[in-house]
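Residues per chain, in single letters:
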Amino acid sequence: MRAALATVDLDAIRSNLARVRALAPVSRVLAVVKADAYGHGLERVARALSAADGFGVASLDDAERLRAAGIRQRIVLLAGFDDPRDLPLLRALDLDTVLHAPEQLRMLELDAGRPLRVWPKLDTGMHRLGFSWTEARALALRLSELPMVATDPVWMTHFASADQPGAALTAEQLSRFAVATRGLAGQRSLANSAATLLLPGSRADWVRPGGLLYGLSTIAGRTGADLGLKPAMRVTSRIIAVKTVAAGAGIGYASSYVAPTAKRIGIVAFGYGDGYPRHASNRAEVALLGRRAAVLGRVSMDLLCIDLDHVPEAAVGTEVELWGPALPVEVLADAADTIGYELTCGITRRVRFETLGVEGASTPCRAAVAAG
Ligand SMILES: *Cc1c(COP(=O)(O)O)cnc(C)c1O
């Protein structure tokens, strides 16, 4: 069996949820589990987060998987629907939907059936999805006239720069949203992970953390642990060959690393085919036996090579951590010019998964209230 392994710590995920509750004690928590729960595994994460008030997903398929797994909380389709034929399924699965574009309103006008719970989304400055914040009042009126829309919407917006403390755009987005929704019936939801952490005034009725739950940092230069979070994914493999190369030997494809002196190297069974960033070639480190070792040469599909000069006791079979508690994913992400989110999402199907902690262990559940 290949040694490439991702271990998902469900207790860490639960503890991160408790951290969110402590930060936003009067808000409901929509746990964002899109992209297979940021690569951690949709069903196992959702079951571990049984104390969340709802789940946010990007696709109808994910919503179906959650209902099939027995998840009863509210599920919000974060980009809504894009085909009227999906509406019966939204009802059958009892989903909430984001509304962000006029085309969706036109589809609802032609629709029949039980009214849908909606999360109208306002664009307050990110310029991605959403109706212009200046149209909020007209939109509220239109929604109130649509029989297919349930009363009591959740007005939402999304921040572009909440991860940069003090960003002027964030203050502008907050005040635009407040002006746009003043006096409108319904609840409010603004905060992603970064805003949940840094912007108390944005927490409102529902926070929508994703990365925070997985112990991922959203703030440049800080690791999840720096923020008091527990990293939930540990990715490991093993050394499958050890050799000593002579001074002047090139290592790997294109000999992009040349050993300056005789050097002991280890070959690790992990590569970009498993989700390791090839861009980290010659730039990253791994952790083993309580130390760090440099990645030498190009990362290839199945293998990468590490410098064992300072880890003499490493041998064939030694476990190597690619990221996890000993080597924060943010440190690898920095070396690869990306963010931890992209790395956890990018773990591929051939990597084996194991879980730590009990899947269904539950803390008191407020979901029944929230599902109302
Ligand atoms: C992905 C997403 C989130 C969660 O973002 P994090 O930075 O992971 O907390 C929240 N809201 C919306 C609309 C999203 O698409």
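Each residue is numbered by its place in its chain's sequence as written, counting from 1. Confidence filtering applies because this is a predicted model: local features only for residues at pLDDT of at least 70, side-chain atom pairs given and counted only at 80 or more, and all residues used for totals across whole chains, interfaces and linings. Where side-chain values are given, they derive from all heavy atoms of the structure, hydrogens and water being excluded.

Moving on, we come to the overall build of the protein. Of the regular secondary structure elements, the protein holds twelve helices and 20 strands. To get the radius of gyration, use the C-alpha atoms; to get the globule rule, take the number of residues to the power 0.38 and multiply by 2.2 Å. For 372 residues, the compact-globule formula gives about 21 Å, and the C-alpha radius of gyration of the protein, at 23 Å, lands near that figure. C-alpha extents for the protein along the principal axes are approximately 75 × 40 × 35 Å. Counting only residues that meet the buried cut, the protein has 54% of its 372 residues in that class. For helices the rule is a DSSP run of H or I covering at least 4 residues; for strands it is a run of E covering at least 2, with both sets numbered from the N terminus onward. Burial classification: accessible surface area is computed with a 1.4 Å probe over protein chains only, and a residue below 20% of its type maximum counts as buried, one above 50% as exposed, and the rest as partly exposed.

As a further point, take the nonpolar core. In these notes, a set of buried Ala, Val, Leu, Ile, Met, Phe, Trp, Tyr and Cys residues joined through side-chain atoms within 4.5 Å is what counts as a nonpolar core. Core analysis: the biggest nonpolar cluster contains 111 residues, and Tyr 276, Leu 288 and Ile 306 have the highest contact counts within it. If you tally residues by element for this core, the top one is helix α1 (residues 10-23), at six residues. Counting residues in each nonpolar core, the second largest holds eight residues, with Ile 251, Tyr 257, Ile 265 and Cys 305 among its members.

Definition of nearness: a residue and a molecule or strand are near each other if at least one heavy atom of the residue lies within 4 Å of the molecule or strand. Residues in contact with the ligand amount to 13 residues; listed here are only the nearest, Lys 34, Tyr 38, Ser 193, Gly 210 and Gly 211. By the criterion applied in these results, polar contacts are pairs of N or O atoms within 3.5 Å in which, for protein atoms, one can donate a hydrogen and the other can accept it, and in which residues neighboring in sequence qualify only through two side-chain atoms. One of the backbone nitrogen or oxygen atoms of Gly 210 is found 2.9 Å away from an oxygen atom of the ligand. Residue-level accessible areas treat just the shown protein chains as cover; the underlying method is Shrake-Rupley with a 1.4 Å probe. The fraction of the free accessible surface of the ligand (390 Å²) that becomes covered by protein chains is 91%.

The next thing to look at is helix α4 (residues 60-68). Of all the positions in α4, only Leu 60, Asp 62, Ala 63, Leu 66 and Arg 67 are classed as buried. For α4, the angular spread of the buried residues around the axis is 160°, confining them to a single face. Among the exposed residues of α4, those pointing more than 90 degrees away from its buried face are Asp 61 and Ala 68. Contact definition: two residues touch when any of their heavy atoms are within 4.5 Å. Taken together, the buried residues of α4 touch α2 (34-38), α3 (42-48), β3 (54-57), β4 (74-77) and α5 (87-92). Phi turns positive one or two residues past the end of α4, at Gly 70, with a value near 90°. Read the arc as the range of directions from the helix axis to the C-beta atoms.

A few words now on the pairing of strand β16 (residues 285-288). Here, a strand pair is defined by DSSP locating no fewer than two bridges between the strands. Bridge count between β16 and strand β17 (residues 291-296): four bridges; the pairing is antiparallel. Opposite Ala 287, over in β17, you have Arg 292 as the bridge partner. Hairpin connection between β16 and β17: a loop of two residues separates the two successive antiparallel strands, and Leu 289 in this loop has a positive phi of roughly 50°.

Side-chain rings of Phe, Tyr and Trp (the six-membered ring for Trp) are treated as a pair once their centres are within 6.5 Å; stacked means planes under 30 degrees apart, edge-to-face means over 60, and tilted covers the remaining angles. In total, this model carries four aromatic pairs according to the counting rule given. Ring geometry for Tyr 38 and Tyr 341: centres 5.2 Å apart, planes at 55°, overall tilted. With Tyr 38 in helix α2 and Tyr 341 in helix α11 (residues 340-345), this residue pair connects regions lying 303 residues apart in the sequence. Both residues of the pair, Tyr 38 and Tyr 341, belong to the buried class. Taken together, the ring pairs in this structure connect Tyr 38, Tyr 214 and Tyr 341 into an aromatic cluster.

A few words now on the confidence of the model for the protein. As a note on interpretation, predicted positions should not be read in detail where pLDDT is low. Averaged over all residues, the pLDDT of the protein is 95; the fraction at 70 or higher stands at 97%. What pLDDT reports is the predictor's confidence in each residue, on a scale of 0 through 100. Per-residue pLDDT stays below 50 along residues 362-372; that stretch engages in 18 contacts with residues further than four places along the chain or on separate chains.

We now examine the environment of Ser 255. With respect to the helices and strands, Ser 255 occurs in the loop between β13 (250-251) and β14 (257-258). Its relative accessible area of 38% is what places Ser 255 among the partly exposed residues. Through-space distance from the C-alpha of Ser 255 to that of Gly 297 is 6.7 Å; in sequence the pair is 42 residues apart.

The subject of this paragraph is unusual backbone geometry. One non-glycine residue, Ala 204, lies in the positive phi region at around 50°. The class of Ala 204 is partly exposed, set by a relative accessible area of 32%. In this structure, Asp 337 is a non-glycine residue whose phi angle is positive, near 55°. Secondary-structure assignment places Asp 337 in the loop between α10 (329-335) and α11. For Asp 337, a relative accessible area of 54% gives the class exposed.

Once that is clear, we can look at the environment of Ala 12. Positionally, Ala 12 belongs in helix α1. For the pair Ala 12 and Asp 36, spaced 24 residues apart in the sequence, the C-alpha separation amounts to 17 Å. What Ala 12 contacts, discounting residues up to four positions off in sequence, is Lys 230, Pro 231 and Ala 232.

With that out of the way, let us pick up the pairing of strand β5 (residues 96-99). Neither face of β5 is left uncovered, since the one carrying Asp 96 and Val 98 and the one carrying Thr 97 and Leu 99 both have all their residues buried. Pairing of β4 with β5, which is carried by two bridges, proceeds in the parallel orientation. Residue pairing for β5: Val 76 is matched across the bridge by Asp 96. Traced from β4 through α5 to β5, the parallel crossover comes out right-handed. Where β5 lies against strand β6 (residues 117-120), four bridges are found, and the strand directions are parallel. Following the sheet pairing, Val 98 is matched in β6 by Trp 119. Whether a crossover is right-handed comes down to one check: with the strands pointing away from the viewer, does the path from the first strand over the helix to the second run clockwise; if it does, it is right-handed.

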